[in-house]
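# Observations on chain architecture
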Amino acid sequence: MTKQIRLNAFAMNTVGHLSPGLWRHPRDQATRYTDIHYWVALAKTLERGCFDGLFIADVLGVYDVYGASADTALSQAAQVPVNDPLQLVPAMAAATQHLGFGVTASVSFEHPYPFARRMSTLDHLTQGRAGWNIVTSYLASGARNLGQAPLGHDQRYALAEEYLQVCYKLWETSWEDDAVQADRTSGMYADPAKVHGIDHQGPWFKVPGFHLCEPSPQRSPVIYQAGASSRGRAFAAANAECVFVAAPSKAVLRKQVAELRAAVQAAGRAADDVQVLEQLTVIVAATDQQALALLEEYRQYASRSGALALMSGWTGIDFAEYAPGQVLREVPSEAIQSAVEAFTRADPTRTWTTAEIADYCAIGGDGPVLVGSAQTVADQLLEWVEDTGVDGFNLACVVAPETFEAVVDLLVPELQARGAFKRAYSPGTLRNKLFGCGDRLGLPHPAAVLRQEARR
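Keep in mind that what you see is a predicted model, and the values were worked out from it rather than measured.

Okay, the state of the cysteines next. Applying the stated criterion across every chain, the model contains zero disulfides. No disulfide involves Cys-167; its sulfur sits 12 Å from the nearest other cysteine sulfur, which is in Cys-213. With no disulfide of its own, Cys-397 has Cys-361 as its nearest cysteine by sulfur position, at a separation of 17 Å.

Put into structure tokens, the structure is as follows:
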């Protein structure tokens, strides 16, 4: 096979990410999430397995839709407590050479001027291995705690588009490539004539000045996005380089991939300018029987109430009001619209009851779970790629770091033996490793268009 699978590790700076309740498992170490050595060890493991990156999710808010309370999320450690993802990265980058780092940051709760500096700093410190997952913050609790009125779904994307314009201008147009002279003889570090204010005036932001950072290796970090709604898809088609989706079946994923690639082409880009990564959880062991036994062992610790707390937050639907056997129907929501669609109308052949959703999401959240030996799981992954056109997978963890260690030690060698996964990293920045087209965003990406216009 010529197409090689992309693999990201999917984690969060928290106790319980996508398998609520599993922190109680005797081998789970997720309660060490406040220990930097835990994260450094994980980064080394992932680099040993040639993972493309560690993708760190984040929410600024709590899951308080279920039962109109945060009590379930707190008691079950359903993504709370949760710490800042960005501060983990420099230590992990210092301990590795190639692993990429995608950090989630919301456009809703931080002004783009200081945020652009944070990301440039991170790109410098990682030597060009930084990526930004753009989110628009669907949790109303986050807005309330910042004294904001929650924005509607489409309003959030309108703000995000301008937010990106500000960041692109700061990263790509403010400093010319040769602005930094660092001339010890003349005493000039940066040539003032080659550093420019961006003079941005928009409905959401006004930023007249220049970027505080000199150009980092990638200038703009690799742009990740996780949106499969019609509005999110259009936003991703114009801006994203990697898109994360969480389809519950191959039928749903096939539709999402096709729609996204069509949108990318409609935006004037090539279909393969964007890599699509499906959220999956892999439980792999030496044999199929051992892997199935692991799954049953894990299920003994799973929290179904914690799973419904997460799903209620993702969909904006209070599942506490649904009977276990009640079938979920599409409900208007200002939360993650693609999450509602995935469990309602995306697959006309499938309906989901509250109990089925709780069981499904208790291990691996809103993504499918593959179970088996390395050979069995590799077969399944390749089937997903062939049947849907997806580029790779965002692999979640059940028991930390056991799940990732098993993938590195068992699954990765099997994929490598089949020629479906790399044996070594490509050189250069994260962008070059992923696309092989250099360190900077290229035309016709809107950031590259801005850069070209500034040069003129």
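What follows covers the pairing of strand β11 (residues 275-285). Of all 11 residues making up β11, 11 are buried, and the element is well covered by its neighbours. Neither face of β11 is exposed, since Gln-275, Leu-277, Gln-279, Thr-281, Ile-283 and Ala-285 on one face and Val-276, Glu-278, Leu-280, Val-282 and Val-284 on the opposite face are all buried. Here strand β10 (residues 242-245) runs beside β11; their pairing, made up of four bridges, is parallel. Looking at β11, one finds that Phe-244 is bridged to Leu-277. Read from β10 through helix α8 (residues 250-266) to β11, the crossover connection turns out right-handed. Note: β11 against strand β13 (residues 392-396), five bridges, orientation parallel. Bridge pairing in β13 places Thr-281 opposite Ala-396. Alignment of β11 against strand β12 (residues 369-373), held across five bridges, turns out to be parallel. The residue bridging Val-284 from the neighbouring strand is Gly-372, located in β12.

On to helix α7 (residues 230-239). Within the span of α7, buried status applies to Gly-232, Arg-233, Phe-235, Ala-236, Ala-237 and Asn-239. On its buried face, α7 sits against β4 (130-135), α6 (153-173), β9 (222-225), β10, α8 and α16 (446-455).

On to the environment of Arg-261, then. Its location among the elements puts Arg-261 in helix α8. Using a relative accessible area of 16% as the deciding quantity, one classes Arg-261 as buried. Along the chain, Arg-261 and Cys-167 lie 94 residues apart, while their C-alpha atoms are 25 Å from each other. In this structure the side chain of Arg-261 is engaged in a polar contact, spanning 2.7 Å, whose partner is the side chain of Asp-391.

This brings us to the packing of aromatic side chains. This model, assessed by the stated rule, comprises 13 aromatic pairs. A ring pair is formed by Tyr-38 and Trp-39, whose centres lie 5.2 Å apart and whose planes are at 85 degrees; its orientation type is edge-to-face. For Trp-39, a relative accessible area of 2% gives the class buried. When the ring of Phe-55 is compared with that of Phe-244, the centres are 4.2 Å apart and the planes differ by 55 degrees; the resulting orientation is tilted. In this pair, Phe-55 sits in strand β2 (residues 53-57) while Phe-244 sits in strand β10, placing the two residues 189 residues apart along the sequence. Of the residues examined, Phe-55 reaches a relative accessible area of 3% and is grouped as buried.

Moving on, we get to the environment of Gln-155. Following the sequence through the fold, Gln-155 ends up in helix α6. For the pair Gln-155 and Asp-318, spaced 163 residues apart in the sequence, the C-alpha separation amounts to 23 Å.

Here we take up the packing of α8 against helix α13 (residues 374-388). Close contact between α8 and α13 brings their axes to 9 Å; oriented N to C, the two are set at 45 degrees. Looking at the two axes, α8 sits oblique to α13. Seen from above, α8 lies across α13 with right-handed handedness. Here Lys-250, Leu-253, Arg-254 and Val-257 of α8 come into contact with α13, specifically with Glu-383, Trp-384, Asp-387 and Thr-388. Class assignment for the residues of the contact of α8 with α13 results in three nonpolar, one polar and four charged.

This next bit is on the pattern of salt bridges. Oppositely charged side chains are able to pair whenever their charged atoms sit close together. This model, assessed by the stated rule, comprises 24 salt bridges. Its salt-bridge partner being Arg-455, residue Asp-177 comes within 2.9 Å of it at the nearest N-O pair. Of this pair, Asp-177 sits in the loop between α6 and β5 (180-183) while Arg-455 sits in helix α16, placing them 278 residues apart in sequence. Note that Asp-379 and Arg-418 form a salt bridge whose closest N and O atoms lie 2.6 Å from each other. Separated by 39 residues along the polypeptide, Asp-379 in helix α13 and Arg-418 in the loop between α14 (402-417) and α15 (430-435) bring together distant segments of the chain. Under the relative-accessibility criterion, Asp-379 is labelled partly exposed at 38%. Exposure remark for Arg-418: the relative accessible area of 28% places this residue in the partly exposed category. Overlapping salt bridges, with partners in common, bring together Asp-177, Arg-219, Arg-440 and Arg-455 in one network.

Reading the values: rules and limits
Residues numbered from 1 in each chain as written. Predicted model: local features only at pLDDT ≥ 70, side-chain atom pairs only at ≥ 80, totals over all residues. Heavy atoms only, no water. Disulfide = S-S within 2.5 Å. Buried < 20%, exposed > 50% of the residue type's maximum accessible area, 1.4 Å probe, protein only. Helix = DSSP H or I, 4+ residues; strand = E, 2+ residues; numbered from the N terminus. Pairing = 2+ DSSP bridges. Right-handed = clockwise from strand over helix to strand, strands pointing away. Contact = heavy atoms within 4.5 Å. Polar contact = N/O pair within 3.5 Å; in protein donor to acceptor, adjacent residues only side chain to side chain. Phe/Tyr/Trp six-rings, centres within 6.5 Å; stacked < 30°, edge-to-face > 60°. Axes fitted to C-alpha atoms, helices over the stretch in contact; angles between N-to-C directions. Parallel < 35°, antiparallel > 145°, perpendicular 65-115°, else oblique. Left-handed = near helix turned anticlockwise from the far one by under 90°. Nonpolar A, V, L, I, M, F, W, Y, C, P; charged D, E, K, R; others polar. Salt bridge = Lys/Arg side-chain N within 4 Å of Asp/Glu carboxyl O.

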